Amino acid sequence: SNNNLDINYTRSDSVGLSSCWYSNDSYSVNTTLASCTNITDIVWSDALHNVTIWANDTANQVNQSSISFTIDTTNPTIEYISPTDTNNTSFGRNFIRVNVSATDTNLINITVRLYNSTKDLLRANTSTTSPFFINYTSLSEGQYFFNATATDLLNNKNSTSTRNVSLILPNLTIAKPENKTYLSNISISLNFTSTNADSIWYNIDNGANTTITENI
C-alpha cells in the first residue's frame, strides 16, 4: 500500500565491481545506478511491477536478480444498486432489501451490516463476489439501519452511506367467508380489512396466488 518503496540490494565480486543498472516492467529502458546505490525516490503506479537489477565486474561478467511486487493504494468503489430500499422510508412488510456493487482489482469481500433502532448490530453478511444482494426477512416492526463495506487485498476499504428504513407490519382481518361450514353451494364473497399493506393476495387450497386490490 506504499507507492514510495525503495528497492535495496547487495552486491559483491572478488575481482571488483564495475557498474549496476536496472529495468522495470517492459525491460525496454535501462537505468544506471550510480555507484551501485539502491533504487530510491520512485513513485510506483498502482500495478504489478517486475524489476530486474544487473551488475557487472571489471572483467565484464554480468549477474542479475529480479523481484515482483504489486502496488495498491486505491480504495475500492462501492455503491447501492437496485432493488436496495430507499433511505428514510417506511414499508408495510417484514423484510429489507440491500444490493451492493463494488469494484477493485484486488477485491477481497463485501460486508453488509444490519442494525436495530439503537444501532446494535443484528446481522453481518459477507460475500467475495460483486454484486452482493441480501434480503433480510422475518423482521419485527421498528426502525433499522444498514450499510456496506468493500475491502481489498491490502485492507483498503470504502463504505456506503448508512440508510434507515422503518417497518410497519400489515394488519389483515377477514370478515367473509366465516370460519364455519356452509351447507349449500352458494357464492361467497371475500371481504376483508387491511392497514399498512404494500400488497395483498390470496390463494385457495394452496393453489396459485391471486393479487387483489379490493373486496371481491
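Being a predicted model, the structure only gives us computed values, none of them experimental. (Residues numbered from 1 in each chain as written. Predicted model: local features only at pLDDT ≥ 70, side-chain atom pairs only at ≥ 80, totals over all residues. Heavy atoms only, no water.)

### Topic: unusual backbone geometry
- In this chain, S82 is followed by P83 through a cis amide linkage whose omega measures 10°.
- Between S130 and P131 the backbone carries a cis peptide bond, its omega angle lying at 0°.
- Its place among the elements puts P131 in the loop between β9 (121-127) and β10 (132-136).
- Phi angles above zero are rare outside glycine, and D41 is one such case at about 60°.
- Relative to the helices and strands, D41 resides in the loop between β2 (31-33) and β3 (48-57).
- A residue is classified by how much of its surface remains accessible, and D41, at 75% relative accessible area, is exposed. (Helix = DSSP H or I, 4+ residues; strand = E, 2+ residues; numbered from the N terminus. Buried < 20%, exposed > 50% of the residue type's maximum accessible area, 1.4 Å probe, protein only.)

### Some details on a nonpolar patch on the surface
- Taken together, the side chains of I108, L153 and L154 make up a nonpolar region of the molecular surface, amounting to roughly 260 Å² of accessible area.
- One can find L153 in the loop between β11 (142-152) and β12 (157-159).
- Looking at L153, the relative accessible area reads 58%, which means it is exposed. (Patch = residues over 30% accessible without salt bridge, like charges linked within 9 Å, V, L, I, M, F, W, Y side chains within 5 Å. Areas by Shrake-Rupley, 256 points an atom, 1.4 Å probe, with all protein chains shown as cover. Salt bridge = Lys/Arg side-chain N within 4 Å of Asp/Glu carboxyl O.)

### Some thoughts on the pattern of salt bridges
- Counted under the stated rule, the structure contains three salt bridges.
- As a salt-bridge pair, R93 and D85 come within 2.9 Å of each other at their nearest N and O atoms.
- Residue classification places D85 among the buried positions, given a relative accessible area of 2%.
- Residue K180 is joined to E178 by a salt bridge in which the shortest nitrogen-to-oxygen separation is 4.0 Å.
- In this structure K180 comes out as partly exposed when scored by relative accessible area, which is 49%.
- Judged by relative accessible area, which is 45%, E178 ranks as partly exposed.
- In the salt-bridge network here, residues are joined through shared partners; they are D85, R93 and R97.

Read these as layout, nothing more, since geometry by itself doesn't imply function.
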